[in-house]
Amino acid sequence: MTTAAVATVLLAGTGTGTARAVPAGNPGPYARLSPIAELSARRLATADLVAAAKWGTGGPVDDPVRERQVLDEVAREAGELGAEPAAAVRIFRDQIEANKDVQRALHRRWDARPYEAPSVRPGLTEVRAEINRVNHALVRAIARTAQDRGAPYCGGALPASAVRAGGELRLDAPHMTALHRSLGSVCRP
């Protein structure tokens, strides 16, 4: 996925941080878990923009202060929603690490092929506003799926949802690998 494509999807109004609504009635586990995969894929797609914003600045990919802020906000919001804060933080640690994996891969690619490097550096403030929108929706999805995340079927339904979500966003192999990493802690109570 190119940085320009990500910017178009996320910042042009289609990346609102929402996932498909779960059907009314008694939806199956796939439908209930799909929003987590979709939102994780959307959050991961922001890694291209974050990498572009940091490219050429000499600054590191790791941002412990920002990461702590995100994890603190996730824990607070999960608690307010009646979800287990520790589970939400565990899931978001994987989200953050997967995002950094993509950023590092892009920086290595751009070092090796400078002609592929972004010519425009997006502002981190704007990108982080989109990440925050996705984060809030993802915390709500985590809160709604506590029972599903602890069930045996989670390990099959969630990866299937991830494949579909990655296909819809046209994620390449490195992004798909990171997407699966971002979901590593979801299927635990």
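Per chain, the residues get numbers from 1 upward, laid out in the order the sequence is written. Thresholds applied to this predicted model are a pLDDT of at least 70 for local features of residues and 80 or more for the giving and counting of side-chain atom pairs; totals over whole chains, interfaces and linings are not thresholded and use all residues. To obtain the side-chain values, all non-hydrogen atoms of the structure were used and water was disregarded.

**Observations regarding the overall build of the chain**
Argument step 1. Starting at the N terminus, helices and strands are each numbered in turn, a helix being any DSSP run of H or I of at least four residues and a strand any DSSP run of E of at least two. Counting its regular elements, the chain contains 8 helices and 0 strands.
Argument step 2. N-terminal to C-terminal, the α/β element order of the chain is α-α-α-α-α-α-α-α.
Argument step 3. Exposure classes here rest on a 1.4 Å probe applied to the protein chains alone. A residue is buried below 20% of its type maximum, exposed above 50%, and partly exposed in between. Residue burial in the chain is summarised as follows: out of 189 residues, 47% are buried.
Argument step 4. We call two residues in contact when some of their heavy atoms are within 4.5 Å. Within the chain, counting contacts between residues at least 6 apart in sequence, those at least 24 apart form 82% of the total.
Argument step 5. With an accessible surface of roughly 8,900 Å², the chain has 56% of that area assigned to carbon and sulfur atoms. Methods summary: accessible areas were calculated by the Shrake-Rupley approach with a probe of 1.4 Å, and residue burial reflects only the protein chains presented.

**What about the environment of A165?**
Argument step 1. With respect to the element layout, A165 can be found in helix 7 (residues 154-168).
Argument step 2. Separated by 128 residues in sequence, A165 and A37 have C-alpha atoms that sit 6.4 Å apart.

**What to know about the side chain of E67**
Argument step 1. Looking at where E67 falls in the secondary structure, it is placed in helix 3 (residues 64-80).
Argument step 2. Dropping the residues within four chain positions of it, E67 is found in contact with D62, I96 and K100.

**As for the state of the cysteines**
Argument step 1. In plain terms, two cysteine sulfur atoms within 2.5 Å form what is called a disulfide here. This model, assessed by the stated rule, comprises 1 disulfide.
Argument step 2. Through a disulfide, C154 is tied to C187; the S-S separation comes to 2.0 Å. Taking the sign of the S-S torsion, about -75° here, the bridge from C154 to C187 comes out left-handed. Of the two residues, C154 is situated in helix 7 and C187 in the segment after helix 8 (173-182); the sequence distance between them amounts to 33 residues.
Argument step 3. Judged by its relative accessible area of 29%, C187 is partly exposed.

**Brief notes about the packing of helix 4 (residues 85-112) against helix 5 (residues 124-144)**
Argument step 1. Following both chains from N to C, one finds helix 4 and helix 5 inclined at 140°, their axes separated by 11 Å at the closest point. Classed by the angle they form, the pair helix 4 and helix 5 counts as oblique. Our pair here, helix 4 against helix 5, has a crossing hand that is right-handed. Contacts between helix 4 and helix 5 involve I91, F92 and Q95 on the former and, on the latter, N135, L138, V139 and I142.
Argument step 2. Residue polarity is assigned by list, with Asp, Glu, Lys and Arg as charged and Ala, Val, Leu, Ile, Met, Phe, Trp, Tyr, Cys and Pro as nonpolar; anything else, Gly included, falls into the polar class. A per-class count over the contact of helix 4 with helix 5 returns 5 nonpolar, 2 polar and no charged. Only the stretch in contact is used when a helix axis is fitted, and all axes are lines through C-alpha atoms; the angle between N-to-C directions ranges over 0 to 180 degrees. Angular relationships are summarised with four words: roughly parallel below 35 degrees, roughly antiparallel beyond 145, roughly perpendicular across 65 to 115, and oblique for the angles in between. Here a crossing is called left-handed whenever its near helix is offset anticlockwise from the far helix by less than a right angle, and right-handed whenever the offset is clockwise.

**Comments concerning the environment of R133**
Argument step 1. By the secondary structure assignment, R133 is in helix 5.
Argument step 2. Distance in space between the C-alpha atoms of R133 and R43 is 9.3 Å, their sequence separation being 90 residues.

**Considering the pattern of salt bridges**
Argument step 1. For this analysis, a salt bridge means a side-chain nitrogen from Lys or Arg found within 4 Å of a carboxyl oxygen belonging to Asp or Glu. By the definition in use, this model includes 15 salt bridges.
Argument step 2. The salt bridge involving E116 is made with R113; its shortest N-O contact spans 3.4 Å.
Argument step 3. Of the residues examined, E116 reaches a relative accessible area of 35% and is grouped as partly exposed.
Argument step 4. The class of R113 is partly exposed, set by a relative accessible area of 35%.

**Considerations on helix 5**
Argument step 1. Given the number of residues in a helix, its expected span is that number minus one, multiplied by 1.5 Å. With 21 residues, helix 5 ought to run about 30 Å at 1.5 Å a step, and its terminal C-alpha atoms sit 30 Å apart, in line with that.
Argument step 2. Residues V127, E130, I131, V134, N135, A137, L138, V139, A141 and I142 constitute the buried set of helix 5.

**A few points about the nonpolar core**
Argument step 1. Throughout this description, the term nonpolar core refers to a set of buried Ala, Val, Leu, Ile, Met, Phe, Trp, Tyr and Cys residues connected via side-chain atoms within 4.5 Å. I36, F92, W110, L158, L179 and L183 are the most contacted members of the largest nonpolar core, which has 43 residues in total.
Argument step 2. For this core, the secondary-structure elements that each account for two or more residues are helix 2 (29-54), helix 3, helix 4, helix 5, helix 7 and helix 8.
Argument step 3. In contact with I36, not counting residues within four places along its chain, are L138, A141, I142, T145, R149, L158, L183 and V186.

**Some remarks on helix 8**
Argument step 1. Within the span of helix 8, buried status applies to H175, M176, A178, L179 and S182. Taken down its axis, helix 8 places every buried residue within 160° of arc, on the same side. Away from its buried face by more than 90 degrees, helix 8 exposes A173 and T177.
Argument step 2. Where helix 8 is buried, its residues meet helix 2, helix 4 and helix 7. Of all possible arcs, the one meant is that of the directions from the helix axis to the C-beta atoms.

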